[in-house]
Amino acid sequence: QVQLVESGGGLVQAGGSLRLSCAASVTLFSINAMDWYRQAPGKQRELVATITSGGSTHYADVVQGRFTISRDNTKNTVYLQMNSLKPEDTAVYYCKANSRKWGNYWGQGTQVTVSS
């Protein structure tokens, strides 16, 4: 079983930055891809960014150029650096582990609120 613990959410003004962290209970080398999703009130959960075990990254168009996903294999942690935040980025952010060995797991989520 994989446990994921997110942190780093909070309240920030528009134009500001936050860095989210997702710490995994297993080595990232056993996880094929890590995703960050978000869900705003009344909306469906959407994929924000992905990083594969090989280090390839993919972003949703709405965050391309503003968000950066990265990983620290020594800490079994994935990060989401969010810059130039907008009120529409307000959501609960979740990390998800996709592993052929362990299956798929979600973290508990962390709230990000961007004020205008």
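Right, let's walk through the structure included here. (Residues numbered from 1 in each chain as written. Predicted model: local features only at pLDDT ≥ 70, side-chain atom pairs only at ≥ 80, totals over all residues. Heavy atoms only, no water.)

## Considerations on the pairing of strand E7 (residues 67–72)
1) Next: Of the two faces of E7, the one holding Phe 67, Ile 69 and Arg 71 is buried and the one holding Thr 68, Ser 70 and Asp 72 is not buried anywhere.
2) Next: As defined by bridge partners, E7 adjoins strand E8 (residues 77–82) across six bridges and the pair is classed as antiparallel. Residue pairing in the sheet places Ile 69 in a bridge with Leu 80 of E8.
3) Next: Between E7 and E8, which pair antiparallel in sequence order, lie four residues; one of them, Asn 76, sits at a positive phi of approximately 50°. (Buried < 20%, exposed > 50% of the residue type's maximum accessible area, 1.4 Å probe, protein only. Helix = DSSP H or I, 4+ residues; strand = E, 2+ residues; numbered from the N terminus. Pairing = 2+ DSSP bridges.)

## A short note on the packing of aromatic side chains
1) Next: Applying the stated rule across the entire model yields two aromatic pairs.
2) Next: An angle of 85° between the planes, with centres 6.3 Å apart, marks the rings of Tyr 94 and Trp 106 as edge-to-face. Remark: Trp 106 occurs in strand E10 (residues 103–106) and Tyr 94 occurs in strand E9 (residues 91–99); sequence separation between them is twelve residues.
3) Next: The buried category is assigned to Tyr 94, whose relative accessible area is 14%.
4) Next: Taken together, the aromatic side chains of Tyr 37, Tyr 94 and Trp 106 make up a single cluster linked through ring pairs.
5) Next: Sitting over the ring of Tyr 94, Arg 45 keeps its end group 3.8 Å from the ring centre. (Phe/Tyr/Trp six-rings, centres within 6.5 Å; stacked < 30°, edge-to-face > 60°. Lys NZ or Arg CZ within 6 Å of the ring centre and 35° of its normal.)

## Remarks on the sheet that holds E8
1) Next: Within the open sheet, the four strands sit side by side as E1-E3-E8-E7. Their pairing is antiparallel. Of all strands in the sheet, those bounded by a partner on one side alone are strand E1 (4–7) and E7. Here the strands of the sheet are splayed against their neighbours by 15° on average, with no regard to which way each runs.
2) Next: Two strands pair when backbone bridges link them, and E1 and strand E3 (residues 18–24) are joined in this way by four bridges, in the antiparallel orientation. Across the sheet, Val 5 pairs through a bridge with Ala 23, a residue of E3. (Axes fitted to C-alpha atoms, helices over the stretch in contact; angles between N-to-C directions.)

Keep in mind these numbers describe shape, not what the thing actually does.
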